[in-house]
Amino acid sequence: MRNNIHFLVTLLLIGEFTTTTDAAGAPHFTLPFFLRGGSASASAVATRTRTKKQKTQRQHHRKPPNFKPIQLAAKNISQGLGKVGGKIQHDASNIGKNINREWGKLHSNTRKLVANIPRIKLRRRRRTLKSSKLDEVCHNFASVLRNNGNELDTAQLLKACRTHLAFMKSGGSSLRLVAKDLEANVQKAERVFKKQSPKESKCLSSMLECEKESGIHNGNELQEKSAAMGLLWIRRSLAFQLDLYSALIHANDVHPRDAAYDAYSKHLSPFHGWALRKVFPASLSQMPDRSVFIAKFGGIKVEELNDEYDKMIAKKLKSLVNTWDPLISSWKEEFERLGLEDTRRV
């Protein structure tokens, strides 16, 4: 037992004998603390101090990092990018110069090409109106007078009146009563025309003479359902419309309603009784503006009416008025010659 204790003490003493190296790498032997003198804690402190000093010395001898290769690489990259940017700028400048030069050539060649093309004068396409009812009315009435204006073709006259009825209805509600009265009188003349022979009804004068010789009239007091009565009021209606349309030819300050009142007072009112003198002016008060009349007579919408269309329609309307004027005069002369001018009020 005692021998074992001695052995353990010996091992502990040997363990305290340690070897270390100094800064130069030379071995340094450390004796156990009980041989060096002092306590174990003092020896440990001395050891830690020495280790710290050696660590500090090693740090002082360490070489600083070398950044020169990195700086050199960054410098080379910067120089390379500068060269590339300069080359790109130079190439872009050359490209711009080339584009301007080629564009100038193209512009010059185009001007020369255009200058050599023969100039073609384009004729302005003139607007035209569709064939309207007004054209048909003008055409039919223009064929009524025969033998240098001395004779009225009865068949052509009745045909023209029928065509004119459709034209009047296109003018709107303001002429509806006038159109209705005209239609009733056309029917009177047509019934007699169909009964007479072609020779008797060939012209207006022969038709009126034949009917007068039948004795159905009482002097100048015409039989109500006779052709003479129908033709008398047809003529008065056309005279009324002649004055109305004459006022519509020119764009002036006269409203169609006022023009209709004046025409009615001159051609129809003297032969109307009290009731008709109230009814007719009331219907005429619904007359629209001139532009509405002109557009309807031309067969177009009011929105489509312009100065060019206005002039074209007014020209046709003037043609109709100029056709009616000698026709109505010759018509009236026939009635006065035969003593058939009935002036009674109805």
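Below is a summary of the structure that appears in this document. Just so you know, the residues in each chain are numbered from 1, in the order the chain's sequence is written. Thresholds applied to this predicted model are a pLDDT of at least 70 for local features of residues and 80 or more for the giving and counting of side-chain atom pairs; totals over whole chains, interfaces and linings are not thresholded and use all residues. Working from all heavy atoms in the structure, the side-chain values ignore hydrogens and water.

1. Considering the packing of aromatic side chains
Argument step 1. To pair, rings of Phe, Tyr and Trp, with the six-membered ring standing in for Trp, must have centres within 6.5 Å; the planes then decide the type, stacked if under 30 degrees apart, edge-to-face if over 60, and tilted in the middle. The final tally for this structure, using the stated rule, is eight aromatic pairs.
Argument step 2. Measuring from centroid to centroid gives 6.2 Å for Phe167 and Tyr245, while their planes differ by 80°, and the two rings are edge-to-face. Here Tyr245 lies in helix H9 (residues 227-249) and Phe167 lies in helix H6 (residues 154-169), a separation of 78 residues in the sequence. The exposure classification of Phe167 matches that of Tyr245, with both residues buried.
Argument step 3. Arranged with centres 6.4 Å apart and planes meeting at 85°, the rings of Trp233 and Phe271 form a pair that is edge-to-face. Here Phe271 lies in the loop between helix H10 (256-267) and helix H11 (274-284) and Trp233 lies in helix H9, a separation of 38 residues in the sequence. As far as the burial class goes, Trp233 and Phe271 line up, both buried. Here a strand is any run of E in DSSP of at least two residues, a helix any run of H or I of at least four, and the numbering for each starts at the N terminus. Throughout, exposure labels follow a simple rule: accessible area from a 1.4 Å probe, protein chains only, divided by the maximum for the residue type, with under 20% read as buried, over 50% as exposed, and the rest as partly exposed.

2. Observations concerning H11
Argument step 1. Taken together, the buried positions of H11 are occupied by Phe280, Ser283 and Leu284. One side of H11 holds all its buried residues, which, seen down the axis, span an arc of 100°.
Argument step 2. We call two residues contacting when some pair of their heavy atoms lies within 4.5 Å. Residues of H11 that are buried make contact with helix H7 (176-195), H9 and H10. To obtain the arc, one takes the directions from the helix axis to the C-beta atoms.

3. What about the pattern of salt bridges?
Argument step 1. Here a salt bridge means any side-chain nitrogen of Lys or Arg lying within 4 Å of a carboxyl oxygen belonging to Asp or Glu. In the structure shown here, the tally under the stated rule is 12 salt bridges.
Argument step 2. We note a salt bridge from Glu224 to Lys188, for which the minimum N-O separation is 3.0 Å. Of the two residues, Glu224 sits in the loop between helix H8 (204-213) and H9 while Lys188 sits in helix H7, which places them 36 residues apart along the sequence.
Argument step 3. A relative accessible area of 12% means that Lys188 is categorised as buried.
Argument step 4. The partner of Lys266 in a salt bridge is Asp243, and the shortest N-O contact between them spans 3.8 Å. Here Lys266, found in helix H10, pairs with Asp243, found in helix H9; they are 23 residues apart in sequence, far enough to count as distant.
Argument step 5. Given the relative accessible area of 25%, Asp243 is considered partly exposed.
Argument step 6. Members of the salt-bridge network, linked through shared partners, are Arg162, Lys169, Glu183 and Glu190.

4. A short note on unusual backbone geometry
Argument step 1. Residues other than glycine seldom take positive phi values, yet Asn147 does so here, at roughly 50°.
Argument step 2. Among the secondary structure elements, Asn147 is positioned in the loop between strand E3 (145-146) and strand E4 (151-152).
Argument step 3. Although it is not a glycine, Asn148 sits at a positive phi angle of roughly 60°.
Argument step 4. You can see Asn148 is positioned in the loop between E3 and E4.

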